[in-house]
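# Structure at a glance
Residues per chain are reported as follows:
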Amino acid sequence: MVVTQLGLGGGKRDIVKSLRVNQGILAREVRLVGEKGEQLGVMPVSQARETARKNNLDLVEVAPTAVPPVCRLLDYGKYKYEQAKKERELRKSQKVSLLREVRLRPKIDKHDFESKVRMAKKLLGGGDRVKVTVRFRGREITHPEIGWRLIQRMTESMQGMAAIARQPVIEERNMNVILLPLTDQQAKTKAKAKAEVKTEAKKEIKKEPEKEEK
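Attention here is on the structure that accompanies the text. Model, not experiment: these values are computed from the prediction. (Residues numbered from 1 in each chain as written. Predicted model: local features only at pLDDT ≥ 70, side-chain atom pairs only at ≥ 80, totals over all residues. Heavy atoms only, no water.)

Structurally, the position occupied by Ser157 is in helix α4 (residues 144–157). On the basis of relative accessibility, which here comes to 26%, the residue Ser157 falls in the partly exposed class. Expressed as a C-alpha distance, the spacing of Ser157 and Glu114, which sit 43 residues apart in the sequence, is 9.4 Å. (Helix = DSSP H or I, 4+ residues; strand = E, 2+ residues; numbered from the N terminus. Buried < 20%, exposed > 50% of the residue type's maximum accessible area, 1.4 Å probe, protein only.)

This is the structure we're talking about:
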């Protein structure tokens with residue numbers, strides 16, 4: 001059986017899990033489960049093999065560490081095919097999220113900044129994380145507030161598309177922030193929450209102070 005797991009870096013790796021089948025089962029006694037999940041009880045492995053043969057199925061050891069081991073009646077060839085099919089479908093649905101970088105300069109002009117915004121939105125729309133970096137040269141590092149303002153403008157331009165994964169930090173001569181792409185559902189939830197906060201604020205403003213009783 002092929003099982004997909006995510007590695008520490010988010011990548012996928014295949015683990016081949018060998019299942020003992022028919023004559024390969026070593027236990028003398030097993031707990032047998034039918035094809036539809038029905039419990040058939042504990043019996044000698046020879047009897048379980050005979051039951052599988054009579055039903056034109058395979059005897060598959062699915063829980064070797066149980067006492068006694070649990071075996072199931074399966075069409076093993078069909079089972080392996082279905083597992084492989086699920087693996088292929090899982091691979092199609094999963095996308096590896098990459099960390100892409102968008103670089104800014106403290107003296108960037110409006111046109112170039114808008115170009116960087118479009119680039120960041122395109123990357124986020126493709127499911128990638130984006131690291132926005134402001135690079136300082138020479139004495140520019142003595143004015144970090146310029147970098148803060150640029151990063152703030154960038155994050156505000158990404159509203160509804162991204163969440164801040166890590167607050168802005170300064171590393172040597174670079175200031176950066178990491179943005180995570182929001183799914184459509186996350187974006188809707190965030191927008192709804194923001195709208196609710198605005199609505200409540202308006203209600204509070206409209207409330208008139210109660211008149212004191214004389």
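After that view, the rundown keeps rolling.
By size, the foremost hydrophobic cluster in this structure holds 20 residues, and its most contacted members are Leu104, Met154 and Met158. For this core, the elements supplying multiple residues, two or more each, are β7 (99–104), α3 (110–125), β8 (129–135), α4 and β10 (174–181). Ranked by residues supplied to this core, first place goes to α3 with five residues. If we ignore the near neighbours within four places in the chain, the residues touching Met154 are Leu104, Phe113, Lys116, Val117, Ala120 and Val132. (Core = buried A, V, L, I, M, F, W, Y, C linked by side-chain atoms within 4.5 Å. Contact = heavy atoms within 4.5 Å.)

Right, let's talk about unusual backbone geometry for a bit. A cis amide bond links Val67 with the next residue in sequence, Pro68, at an omega value of -5°. Here Pro68 shows up in the loop between β5 (58–63) and β6 (70–74). Although it is not a glycine, Asn22 adopts a positive phi angle of roughly 50°. Mapping Asn22 onto the fold places it in the loop between β2 (12–16) and β3 (29–33). The phi dihedral of Glu172 is positive, around 55°, even though this residue is not glycine. Of note, Glu172 is situated in the loop between β9 (162–171) and β10.

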